[in-house]
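Close look at the chain arrangement
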Amino acid sequence: MAGTVERGVAANPAPPTVARVRVRFAKRGRLRFASHRDLARAFERAVRRAGVPVSHSHGFSPHPRLSWVSAAPTGVASEAEYLEIGLTRPVPAAELAAALDAALPDGVDVLEAVPSALGATSLADLIDANRWRLTLPGVDRAVLVEAVDRLMATESLTVERATKNGRRPVDVRAALVTAEVDGHPVDLQPGVDGVDWRPEEPPCAILTAVVRQMTPAVRPDDVLAALQAVADLRPPVPPMATRLAQGLLDDRGNLADPFGTARV
Amino acid sequence: MSVQSVFPALESLLPRVAKPVQYIGGELNSTVKDWDAVNVHWALMYPDAYEVGLPNQGVMILYELLNEQPDVLAERAYAVWPDLEALMREHRVPHFTVDSHRPLGAFDVIGVSFATELGYTNLLTALDLAGIPLLAAERTDEHPIVLAGGHAAFNPEPIADFVDAAVLGDGEQAVLDITAVLRRGTQREVGRSELLKRLAETEGVYVPSLYDVRYGDGGGIESVTPNDPRAPKRVTKRTTVDLDEWPYPKQPLVPLAETVHERMSVEIFRGCTRGCRFCQAGMITRPVRERSLQGIGEMVERGLQASGFTEVGLLSLSSADHSEIAEITKGLADRYEGTNTTLSLPSTRVDAFNIDLANEISRNGRRSGLTFAPEGGSERIRRVINKMVSEEDLIRTVSAAFAQGWRQVKLYFMCGLPTETDEDVLEIAGMAHRVIKAGREASGRNDVRCTISIGGFVPKPHTPFQWAAQADPDTIDGRLRKLRAAINSDRRLGRNIGMRYHDGQPSLIEGLLSRGDRRVGRVIERVWREGGRFDGWSEHFSYQRWTEAAAAELPPQGVDIDWFTTRERTREEVLPWAHLDSGLDPDWLWDDWQDALDSREQDDCRWTPCFDCGVCPATGTDIQIGPTGATLIPLTPVPAAGG
């Protein structure tokens, strides 16, 4: 009967998960200031708006089954964020990607979705490294090259990071696989305001680094702290970081696309 | 004249502040328009943190309504926290709107919504960061018109020096009328002084600079008179009739940042005639105007589609009083069964509440806690404040709730009410003890909880208590200490009772700002200059800063903080807001105040004959209530079995 709930019985017996889909998305421009929690809420709402048949956990407070892997830090843009969505019925991945993208704020952009077989290798097991791009406006290319050379010449370089559990040491050098410096003007995402806001300062050095996943994770800020420690590099304006890719590291320092085998 | 975004400058500051996401805009359903393609540019500011301001229904309604006008744009602004304020000053970044990051100073008009007086210092921060002179008198034709709205605008006298105008009452039609005035010419085109006179001729708009206040020998006001023939003697509030014609928000803003309310809110009716004598909202928003069952159903469906929210809030001053609340809740619970959508009814009265309603509300979600507001601990004080709920009703309701599976009850009270004694407050302890006993009996469990939440009473303008003496903080703190001891006097019961309260100091300052006159403006400015920000937040509020500023600024003007707060007013006194008309007949208000002192109750005019509060004739309105007998049709017809 409507209006009564039996004790000990879930209010909403949730339909089971029968299919999964994996999604790659970007967070761009000003949306990079959204935290992981902010994005998680945005996706929970977007799946409802998009009519995605997402499955839910059981119990009195059912949660949509969205599983996340290694979110980029607040303030860091990304072209390679991943999540997995549990479904109560199969949906064509491309349709889901389009509907989800339309339901998300501009700047959180769904790039690709692939079906994932139940029991397939987990997303987390398909990722053990990241490629980051750090744009340092106002920093001369030669200055950055020298700082990076010094950092790569060390065996180990530990910086401290404030975490919820106090200050923790992270070995930046141990996590760094490759680091390349470029100096060409970088093509930033145009502002969502419709106003162009790319930095105007002529010198602008760009560092592309492949970083192994470790615990605690080495973040772009840690790389910058390491560059400051070895070469006293102090950018005049806050650098901008973007995660370009995640994947499994091969012998030559390349990252294997987590969707490589799933793509039809 | 095109207006540039300040985002390039702001962007490099954001990595250095807490929760930068609150400053970036880009919310789902937000609107960005071409500056040069429209005639009138509105900035709508909520002078508190984004997390509080974003869900504000008033701002959301006006934002959508104004942006629907093809030749108008409206952008939102919120107060910036001190960490960003310091960086903005250092790097000369002006205060901005979150939608397009345009500087506030570029807009034609800045509408500021004051839900509480404690936002006044944040108004000054925003003006100063925007490069707009704090004093309205010093602004030129190049500066925006600063317009106050919201409940606090019913006595804008303390901020009369800082605002150009205030809007009394409902904003929907008022902002469109003001827009029409601006279309005929902004201050840049017709001059600031002419524009202000045109605004003064607009219904519901009060322009303080067009009125002279004269003070008498005893410190009181002798008269408030227009100094220009185009300003009316009294300004009457605006009243929106037929809420179904105003189904806003249609496309609720969905923030990325975490905010205090994350739900699809629908105002199911406006106004309240329960007549609680302390309640300014109930007095200034009369009469009751219900939204229809179908109107509510459409707004909920459209809003959920547009937002993806999982919670629906049915808002009003006393939601269970809607004449068709049972049909609404059952209809919505049926419609959204199995979709993980929950309903909430934020303001409910013990006597209007019943367990059927509670079951519908919780059918698709948790049943964690129930909240009631008896407001007064003793039967006597509840007669004084006209909050007529009996303790038997309360115990019966909570017993039923505990029997149905609820485990927690939250009770709201006030302390420092007119005529209140220690005994009135101590009776709260007895009530809480009986709630625990009843709960244990009904549920058969020991772990039921009762939380008591107590706030200091602040007398407000346009209420029967506008003449009352406010209790001083020491009296309130003393009573709350005794109450805590009384609750814990029975440890077996007391350990299941939580008590949450604020000390009496912020209430006294709120009282100064609520019933203050133009002389209080200097106190506000001094507090702000000495660092006062975010006064509604206990970690930022400084009682000492306020009392010291009051002690420095008020005596030279012949008054002091006690004169504004703990002093009882006489019937003859000219109240600072006497020329601002909320529709309530002053004689009725005075009689109701006398009834309060005699502990006499006043019934609700929805169910008993009109008691002549004056609002309907004064504002040309009438109560609009059901029932209509309509039902909410299911959206997805369930196919017949085997059919």
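Residues numbered from 1 in each chain as written. Chains lettered and ligands numbered in written order. Predicted model: local features only at pLDDT ≥ 70, side-chain atom pairs only at ≥ 80, totals over all residues. Heavy atoms only, no water.

Some points on the overall build of chain A
Of the regular secondary structure elements, chain A holds five helices and eleven strands. The 264 residues of chain A split such that 47% are buried. Within chain A, contacts between residues at least 6 apart in sequence are counted, and of these 79% link residues at least 24 apart. (Helix = DSSP H or I, 4+ residues; strand = E, 2+ residues; numbered from the N terminus. Buried < 20%, exposed > 50% of the residue type's maximum accessible area, 1.4 Å probe, protein only. Contact = heavy atoms within 4.5 Å.)

Considering the sheet that holds strand S10 (residues 264-267) of chain B
Residue and element names in this part refer to chain B. As summarised here, the arrangement of the three strands in space is S10-S13-S14, forming an open sheet in which the pairing is parallel. One side of each edge strand has no neighbouring strand; the edge strands of this open sheet are S10 and strand S14 (342-344). Recorded for the sheet is a direction-independent mean angle of 20 degrees between the axes of neighbouring strands. Bridge count between S10 and strand S13 (residues 311-315): four bridges; the pairing is parallel. Across the sheet, the residue bridging to serine 265 is glycine 313, located in S13. Docked against the sheet, helix H10 (residues 293-307) engages S10 and S13, running at close to 160 degrees with respect to S10. (Pairing = 2+ DSSP bridges. Axes fitted to C-alpha atoms, helices over the stretch in contact; angles between N-to-C directions.)

A word on the confidence of the model for chain A
Model confidence for chain A is summarised by a mean pLDDT of 87, while 86% of its residues fall at 70 or above. Throughout residues 1-11 of chain A the model reports pLDDT below 50, and contacts reaching past four residues in sequence, or to other chains, amount to eleven contacts. (pLDDT = per-residue confidence, 0-100.)

Brief notes about the sheet that holds strand S15 (residues 369-375) of chain B
All names here are of chain B. As summarised here, the arrangement of the four strands in space is S15-S16-S17-S18, forming an open sheet in which the pairing is parallel. Two strands close off the open sheet at either side, each with one partner strand: S15 and strand S18 (497-501). Neighbouring strand axes in the sheet, compared pairwise and without regard to direction, differ in orientation by 20 degrees on average. Both strand S17 (residues 449-456) and S18 contribute to a ladder of five bridges, which runs parallel. Within the sheet, the bridge partner assigned to isoleucine 454 lies in S18 and is tyrosine 501. Contacts from helix H15 (residues 422-443) reach S15, strand S16 (408-415), S17 and S18 within the one sheet, and its direction differs from that of S17 by about 160 degrees.

Concerning a negative patch on the surface
Residue and element names in this part refer to chain B. Together, Asp242, Asp244, Glu245 and Glu298 line one region of the surface with negative charge. Along the chain, aspartate 242 turns up in the loop between strand S9 (235-236) and S10. Note on aspartate 242: relative accessible area 32%, which makes it partly exposed. (Patch = residues over 30% accessible without salt bridge, like charges linked within 9 Å, V, L, I, M, F, W, Y side chains within 5 Å. Areas by Shrake-Rupley, 256 points an atom, 1.4 Å probe, with all protein chains shown as cover. Salt bridge = Lys/Arg side-chain N within 4 Å of Asp/Glu carboxyl O. Lys, Arg positive; Asp, Glu negative; His and termini not counted. Charge placed at Lys NZ, Arg CZ, Asp CG, Glu CD.)

Details of the interface of chain A and chain B
Listed by partner, the interface residues are 30 residues for chain A and 43 residues for chain B. Carbon and sulfur atoms supply 54% of the area that chain A and chain B bury against each other, a total of about 3100 Å² over both sides. Run the count over chain A and chain B and you get eleven residue pairs in polar contact (both at pLDDT 80 or more). Split by residue class, the side of chain A that touches chain B holds 15 nonpolar, five polar and ten charged. (Buried area = accessible area lost by both parts, 1.4 Å probe. Polar contact = N/O pair within 3.5 Å; in protein donor to acceptor, adjacent residues only side chain to side chain. Nonpolar A, V, L, I, M, F, W, Y, C, P; charged D, E, K, R; others polar.)

Points about the nonpolar core
In this structure, A:Ile85, A:Leu100 and B:Trp42 are the most contacted members of the largest nonpolar core, which totals 172 residues. Per-element accounting of this core gives the leading share, seven residues, to helix H3 (residues 57-67) of chain B. Residue contacts for A:Ile85: discarding those within four places in its chain leaves A:Ala19, A:Arg20, A:Val21, A:Val23, A:Val47, A:Val52, A:Val54, A:Arg65, A:Leu66, A:Leu96 and A:Leu100. Membership of the second largest hydrophobic core comes to 35 residues, among which are B:Ala358, B:Val409, B:Ile454 and B:Ala471. (Core = buried A, V, L, I, M, F, W, Y, C linked by side-chain atoms within 4.5 Å.)

Side note on the side chain of B:Arg518
Relative to the helices and strands, B:Arg518 resides in the loop between helix H18 (505-514) and helix H19 (521-529). When residues no more than four places from it in sequence are discounted, the contact partners of B:Arg518 are B:Glu157, B:Ala160, B:Asp161, B:Tyr206, B:Pro208, B:Tyr211, B:Val213 and B:Tyr215.

Some thoughts on the packing of aromatic side chains
Aromatic ring pairs are reported here in terms of the distance separating the ring centres and the angle at which the planes meet. Evaluated as defined, the whole model comprises 17 aromatic pairs over all chains. Between B:Tyr23 and B:Phe96, the aromatic rings sit 6.4 Å apart at their centres with planes inclined by 80 degrees, giving edge-to-face as the arrangement. Of the two residues, B:Tyr23 is situated in the loop between helix H1 (7-11) and strand S1 (40-46) and B:Phe96 in the loop between helix H4 (82-90) and strand S3 (109-113); the sequence distance between them amounts to 73 residues. For the pair formed by B:Tyr23 and B:Phe96, the shared burial category is buried. Taking 5.6 Å as the distance between ring centres and 80 degrees as the angle between the ring planes, the aromatic pair formed by B:Phe457 and B:Phe465 counts as edge-to-face. Exposure class is identical for B:Phe457 and B:Phe465. Each is buried. An aromatic cluster is present here, built from A:Phe25, A:Phe43 and A:Trp68 joined pairwise through their rings. When the ring centre of B:Trp563 is taken as origin, the NZ or CZ atom of B:Arg567, which lies over that ring, is 3.9 Å away. (Phe/Tyr/Trp six-rings, centres within 6.5 Å; stacked < 30°, edge-to-face > 60°. Lys NZ or Arg CZ within 6 Å of the ring centre and 35° of its normal.)

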